[in-house]
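Report on the structure
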Amino acid sequence: MTDGYALDKKGFSKELRLLLEVLKTDDIDETAKRNPQLFTDIDWELWVRLSLHHRVFPYIYPKLSRMREEHVPSAVTQRLKWEYRKNTVQMLQLSGEMGYLGEELAKLQIRSLFLKGPVLAQELYGDISLRTSRDLDFLVPMAQLAETEALLVRLGYVKEEDFESILGDWKWREHHTTFNHPDKGIKVEVHWRLSPGPSKEPEFDELWKCARTSSHFGQNVHYLGSEDLFLFLAAHGARHGWSRLRWLLDIRQLLLQKPDSGKLAGLIQQYNYADVGGQTLLLAADLLAAPVEPALEGFTKRPKARRIAQLALFYVARMINLHNPPLEPEAERHYKYYQPAILTRWHQFLYVAGFLYPYAVDAKTLPLPKPLHVLYFPLRPFLWTWRKVSGQEK
């Protein structure tokens, strides 16, 4: 890492700094000899909680198991060992289900791309036990979404929610739907987009051209090419404020595999990811010593990339789950500023313009026959105002 990647980390606790050091080094004993102060005055209970919150415990446990006990209390290692073994069992279960779903989808000639889960753990870490996953995510073409959902229902899955929608707005406001299997205890997210709108992203056919096939989970388990995977992981991590270090660790592992930097730079430019891509590279390089190829360094020098990378450190420094409300007032205020800040100017405009597109609640406020739903476009400002005045708008 060079000084050019350095961000202001003065808000980081000593426990977080130690966790980062353990993540980016292979020889912890050597690190302890070189910087013994890193291991002194540590609140080990907090350190364990940090490793669990950031979902990096399966990656660090094998490292701790190889080091001498004088640096890390045995109770810490034993706790992480228990979590590591529990995670391994869960990953094995998800692996079996992923292979099964891949086969069932292939029987119906439904093309699918698994986005995360065991296939990502195997590809980036070489071992499914070194990464956590709580569900299976896969992408299908929009034209085959209904068929995919029907298949999951036949296989015993139950749809978690149905979107209230009008004029097809769910196709771009949302990007996945969730299914749960009550007997297997497995959650599946079916994507028709990589990210929610108004983001610009590759079409399914473009992703399929660069897709890879797993050599570990069967010929019907396909996943994103390296460069497309970077775009997906960057967009996902940025959208969630990089509030879990596991997402940055994924980026580091991907960059260590040296994807085609010229092709990746082209994709970043083509799909307007210059600032988010720069943010991703900056955070991975500064926090986890990830390598950044010369063809990608220009993105890290963009002023906005540095600004939004600094904004993300607010979440890295705290144990915040952005999608588990209610948030602390400070975190909520920060996220309301952060969320639009990561968008390009054009996407900020589209984000605001999206509020003018009719919502399902408009049809509840003033029911109209379906052939007249187009009238909700001019009526929406008035309907929104009425709900505000009458106290119906939450």
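Cut-offs used in this document
- Residues numbered from 1 in each chain as written.
- Predicted model: local features only at pLDDT ≥ 70, side-chain atom pairs only at ≥ 80, totals over all residues.
- Heavy atoms only, no water.
- Helix = DSSP H or I, 4+ residues; strand = E, 2+ residues; numbered from the N terminus.
- Rg over C-alpha atoms; globule rule 2.2 N^0.38 Å.
- Buried < 20%, exposed > 50% of the residue type's maximum accessible area, 1.4 Å probe, protein only.
- Contact = heavy atoms within 4.5 Å.
- Areas by Shrake-Rupley, 256 points an atom, 1.4 Å probe, with all protein chains shown as cover.
- Lys, Arg positive; Asp, Glu negative; His and termini not counted.
- Charge placed at Lys NZ, Arg CZ, Asp CG, Glu CD.
- Patch = residues over 30% accessible without salt bridge, like charges linked within 9 Å, V, L, I, M, F, W, Y side chains within 5 Å.
- Salt bridge = Lys/Arg side-chain N within 4 Å of Asp/Glu carboxyl O.
- Pairing = 2+ DSSP bridges.
- Core = buried A, V, L, I, M, F, W, Y, C linked by side-chain atoms within 4.5 Å.
- Axes fitted to C-alpha atoms, helices over the stretch in contact; angles between N-to-C directions.
- Parallel < 35°, antiparallel > 145°, perpendicular 65-115°, else oblique.
- Nonpolar A, V, L, I, M, F, W, Y, C, P; charged D, E, K, R; others polar.
- Left-handed = near helix turned anticlockwise from the far one by under 90°.

Observations concerning the overall build of the protein chain
A tally of helices and strands in the protein chain yields 19 helices and 7 strands. Computed over C-alpha atoms, the radius of gyration of the protein chain comes to 23 Å, within 12% of the 21 Å expected from 2.2 N^0.38 for 394 residues, which places it in the range of a compact globule. Counting only C-alpha atoms and orienting by the principal axes, one finds that the protein chain spans roughly 75 × 45 × 40 Å. Sorting the 394 residues of the protein chain into buried and exposed places 54% on the buried side. In the protein chain, the share of contacts with a sequence separation of at least 24, taken over all contacts with a separation of at least 6, comes to 70%. Of the roughly 18800 Å² of accessible surface on the protein chain, a fraction of 54% belongs to carbon and sulfur atoms. Averaging the positions of the 52 positive and the 48 negative side-chain charges in the protein chain gives two centres separated by 3 Å.

Here we look at a nonpolar patch on the surface
A cluster of nonpolar side chains, Leu372, Val374, Leu375 and Phe377, forms an exposed patch at the surface whose accessible area comes to about 330 Å². Within the fold, Leu375 resides in the loop between helix H18 (360-365) and helix H19 (376-390). The partly exposed category is assigned to Leu375, whose relative accessible area is 38%.

Some remarks on the pairing of strand E4 (residues 176-181)
Within a regular beta strand, the side chains point alternately toward one face of the sheet and then the other, so they alternate between its two faces. Among the 6 residues of E4, 5 are classified as buried, and the element is accordingly described as predominantly covered. Relative to E4, strand E3 (residues 158-159) is paired through 2 bridges, and the arrangement is antiparallel. Its bridge partner being in E4, Val158 is matched across the sheet by Asn180. Bridge analysis of E4 against strand E5 (residues 186-191) gives 6 bridges, and the strand direction is antiparallel. Bridge assignment links Thr178 to a residue of E5, and that residue is Glu189. Between E4 and E5, which pair antiparallel one after the other, the connecting turn spans 4 residues, and Gly185 there sits at a positive phi close to 65°.

Concerning the nonpolar core
Within the largest apolar cluster, 94 residues are counted, with the highest numbers of intra-cluster contacts made by Trp47, Leu245 and Leu287. Judged by nonpolar contacts, the second largest core, of 26 residues, contains Leu94, Ile110, Leu145 and Val188.

Description of the pattern of salt bridges
In this structure the tally under the stated criterion is 19 salt bridges. Between Glu123 and Arg212 there is a salt bridge, with its nearest N and O atoms 3.0 Å apart. Remark: Arg212 occurs in strand E6 (residues 212-213) and Glu123 occurs in helix H6 (residues 118-125); sequence separation between them is 89 residues. Residue Arg318 pairs with Glu330 through a salt bridge whose shortest N-O separation is 3.9 Å. On the criterion of sequence distance, the pair formed by Arg318 in the loop between helix H15 (303-316) and helix H16 (329-341) and Glu330 in helix H16 is long-range, its members being 12 residues apart. For Arg318, a relative accessible area of 32% translates into the label partly exposed. Residue class for Glu330 comes out partly exposed when judged on its relative accessible area of 43%.

Thoughts on the packing of helix H5 (residues 74-107) against H6
Two numbers describe how H5 lies on H6: the axes approach to 9 Å, and their chain directions differ by 110°. In terms of axis orientation, H5 runs roughly perpendicular to H6. Between H5 and H6, the residues in contact are Met91, Leu94, Ser95 and Met98 and Pro118, Val119 and Ala121, respectively. For the contact of H5 with H6, a count of residues per class yields 6 nonpolar, 1 polar and no charged.

Looking at the environment of Leu267
Within the element layout of this structure, Leu267 appears in helix H12 (residues 261-270). With 36 residues separating them along the chain, Leu267 and Leu231 place their C-alpha atoms 8.0 Å apart. Setting aside chain neighbours within four positions, we find Leu267 in contact with Glu227, Asp228 and Leu231.

Topic: the pairing of E5
Burial runs high along E5: 5 of the 6 residues are buried. Examined bridge by bridge, strand E2 (residues 136-139) and E5 share 4 bridges and lie parallel to one another. Note that in E5 the partner of Phe138 across the bridge is Val190.

Here's the deal with the packing of helix H13 (residues 274-288) against H15
In contact at an axis separation of 8 Å, H13 and H15 are set at 55° when each is read in the N-to-C sense. Classed by the angle they form, the pair H13 and H15 counts as oblique. You can see that H13 and H15 cross each other, and the crossing is right-handed. Of the residues in H15, those touching H13 at Asp275, Val276, Gly278, Gln279, Leu282, Leu283 and Leu287 are Lys304, Ala305, Arg306, Ile308, Ala309, Ala312, Leu313 and Val316.

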